[in-house]
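What follows is the residue order along each chain.
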Amino acid sequence: MSNETLLIELGTEELPPKALKSLGLAFRDGITAGLKQRELGFGEVSWFASPRRLAVQIAQVQTQGEDKDIEVLGPPIDRARDSEGNWTPAASGFAKKQGVAAQDLQEIETPKGTRLGLKKTEAGLHTSDCLNDIIVETIAGLPIPKRMRWGASRVEFVRPVQWLIAMLGEKFDHGKILGIPTGNTTRGHRFHSSGDILLEKADDYEEVLANAHVVANFDKRQAMIREQVEAEASAVNASAVIDPDLLDEVTGLVEWPVALTGSFEERFLEVPAEALISSMKEHQKYFHLVDANGELKPNFITLANIESKDPVQVIAGNERVIRPRLADAAFFFETDKKTPLAKRAAKLETVIFQQKLGTLADKARRVQKLAGSLARMIGADADKAERSALLAKADLVTDMVQEFSDMQGVAGSYYALHDGEDAEVAAAIAQQYWPKFAGDRLPESNTACALGLADRLDTLVGIFGIGQPPTGSKDPFALRRASLAVLRIIVEKKLELDLRDCLELATQQYPQDLLAEGTTDQVFDYMIERFRAWYEEENIPVEVFRAVSARRISQPLDIQQRVLAVNAFSQLPEASALAAANKRVSNILGKLSNDHSFGEVRVNLLQEAAEKELTENLSALSTIASGHLEKGEYSAALASLAGLRAPVDRFFDEVMVNAEDEALRNNRLNLLKALRDQFLEVADISQLVVGK
């Protein structure tokens, strides 16, 4: 057996740039998974992805897998022969299936007794024989939402396939894939190269393509782009703002990157920078530049896919393309400013928010009242919160937002300032959508927090109330994202709000009988469950969350503080024993009848040394824990109760709870109830016991 370099390249028409990186990684993972599944060893793996290719190069691939000694078990030995010593049908049938005579079978010892069987050596798979299947399986498993067909072929892929390499050492004929025979020829840059390029060795792949003006390695090409962009920015005394998503997309657009710097008229800088950036980034895939103060400069950097003999003409062409877009933004900005936001708000009467829930004007009125109530609860200016809510959606009917959808909120903020609105009101309008995604910034002022919370809570109770909660992957109103945003704002801004009360307030803003009964409870349960995903991302065990959620607490900030405390407690050496003890206590108390009444622990009824010790320790440590609980110091409270481990263990080792004497039995049950209640002040730590 030997090892060879494996090269697989799928050559296509231009692949979707936003999906290129994920396709390249999936292609790599599919090929390596196929080799592992067939127990074929390999060495270093390199993946490649450019606009016209997906490829993987793997060193030291076994040309044949290792032989394996295997045992094939047949019937038990006592059923192999009949009473006359002849082979039974079970034995002879097994032998026939294995292609041997019955007398060639062996007795094999197993944990379940002696079996008739066969020991043999199974030859390892030849890589060449299964390579076609590996590639086909990988292609079928790529994350392609919509496949296409081309020509008269029934073959489907994300883009038409033009060539396919499957080289293992010197062998490259591995049958047809997607209707194209595998070979050892590739193609270079669409303009800087022509015709097929013969690959003599798989190891030469990257170098051969580089000579044909293709930087095939995605990461290397991306590093080149970043370096070039930063160098171009430095040349004009600026810094380039390199958005990771845009960088990925641009890397997916070029095979031979050449960064060029263009400019636009300074008069456009009077337009909101966000609109200019949107034009450059979303429509032209340009990187924008800022000065030392973070202010937008009248320059941009574009990535060409060719080395032009006249780059000045390429730059001029890009400047001609962007100028009308910037002119449109300037026109919309000036036109929109002629109509005050407050007057535009009236147009929301004709814009439907949701068929059953009314117009955006209806929503604005509900959010206005709710934002005012929330503002008063968190110490914000209620008048400002209500004013920002009234104007919050007015920019949706402006020309700017209708042309640049990502300007909603931002445009409204600029127009509010132009209209003479309070600066805090204008800022709240811009920040109403924060956070937009996981890890995004939060609203800065409590006024903005009140608006952001009110807007999302109104949507949550409304959509749930008409029976349209998220199902599976369908979440048209982004309620999952809205729920997490509400929780993040409350927790990270340290707002002492009761979520159930907030939801009830939101529900009350709707006309009576419009929302289904129990909407508040349904939304509350849904939102609290979103905490589970939050804590999973923070690597906090689900048992910790369950321990706190069992308390049915409705203040998100309080839940967060308790979860962190229980998580810290769970890592103490005493935690597992005390959790198990609480589980045991819970089971004991759970078996009592519903009419069983508990009382105080009577010291005069304590007989055993262990129950006296537990009572004394519980009393002393409860006093300490209560002091911490009054200050909201949950971690300190649980840490102090960790001292109960030894007396609790001794109690269960030495004391019979279910004593025959009723008074003695009830007193011990009262002691266990007191123990359980003390821990329940923070959480149900019995939930920390992981089920089998």
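As shown above, the structure is provided for reference.
Conventions used here
Residues numbered from 1 in each chain as written. Predicted model: local features only at pLDDT ≥ 70, side-chain atom pairs only at ≥ 80, totals over all residues. Heavy atoms only, no water. Helix = DSSP H or I, 4+ residues; strand = E, 2+ residues; numbered from the N terminus. Buried < 20%, exposed > 50% of the residue type's maximum accessible area, 1.4 Å probe, protein only. Lys, Arg positive; Asp, Glu negative; His and termini not counted. Salt bridge = Lys/Arg side-chain N within 4 Å of Asp/Glu carboxyl O. Polar contact = N/O pair within 3.5 Å; in protein donor to acceptor, adjacent residues only side chain to side chain. Contact = heavy atoms within 4.5 Å. Expected span 1.5 Å × (residues − 1). Pairing = 2+ DSSP bridges. Axes fitted to C-alpha atoms, helices over the stretch in contact; angles between N-to-C directions.

Enquirer: Even after reading the chapter, I still don't get the side chain of Arg530, so can you show me in this structure?
Expert: Looking at the secondary structure, you find Arg530 in helix H18 (residues 519-537). Here Arg530 is buried and forms no salt bridge, its nearest opposite-charge partner Glu529 lying at an N-O distance of 5.6 Å. At a separation of 3.2 Å, a polar atom in the side chain of Arg530 contacts the main-chain carbonyl oxygen of Tyr526. When near neighbours in sequence (up to four residues on either side) are disregarded, Arg530 contacts Arg480, Ser483, Leu484 and Leu487.

Enquirer: How should helix H16 (residues 479-492) be read in this particular structure?
Expert: Two residues of an α-helix separated by three or four positions point the same way, owing to the 3.6 residues in each turn. Over its 14 residues, H16 extends 20 Å from the first C-alpha to the last, a length consistent with the 20 Å expected when each residue adds 1.5 Å. Burial of H16 is extensive: ten of the 14 residues sit out of reach of the surface. Considering only its buried residues, H16 is in contact with helix H15 (446-465), helix H17 (499-508), H18 and helix H20 (556-570). Of the residues one or two after H16, Lys494 is the one with positive phi, at around 55°.

Enquirer: Help me understand the sheet that holds strand S6 (residues 113-122) in this model?
Expert: Paired through backbone hydrogen bonds, the strands of a sheet run either parallel or antiparallel to each other. Spatially, S4-S6-S5 is the arrangement adopted by the three strands of the open sheet, whose pairing is antiparallel. Either end of the sheet is taken by a strand with one partner, and the two such strands are strand S4 (68-76) and strand S5 (106-110). The mean angle between the axes of side-by-side strands here comes to 50°, regardless of whether they run parallel or antiparallel. Judged from the five bridges that link them, S5 and S6 form a sheet pairing that is antiparallel. What sits directly across from Ile108, in S6, is Arg115. Set on the sheet, helix H2 (residues 89-98) makes contact with S4 and S6; between it and S4 the angle comes to about 155°.

Enquirer: Quick question: what am I supposed to make of the sheet that holds strand S13 (residues 258-263) here?
Expert: Pairing in this open sheet of four strands is antiparallel, and the strands run S12-S14-S15-S13 from one edge to the other. Of all strands in the sheet, those with a lone pairing partner are strand S12 (239-240) and S13, marking the two edges. Note that S13 and strand S15 (residues 296-304) share six bridges and pair antiparallel. Bridge pairing in S15 links Thr261 to Ile301.

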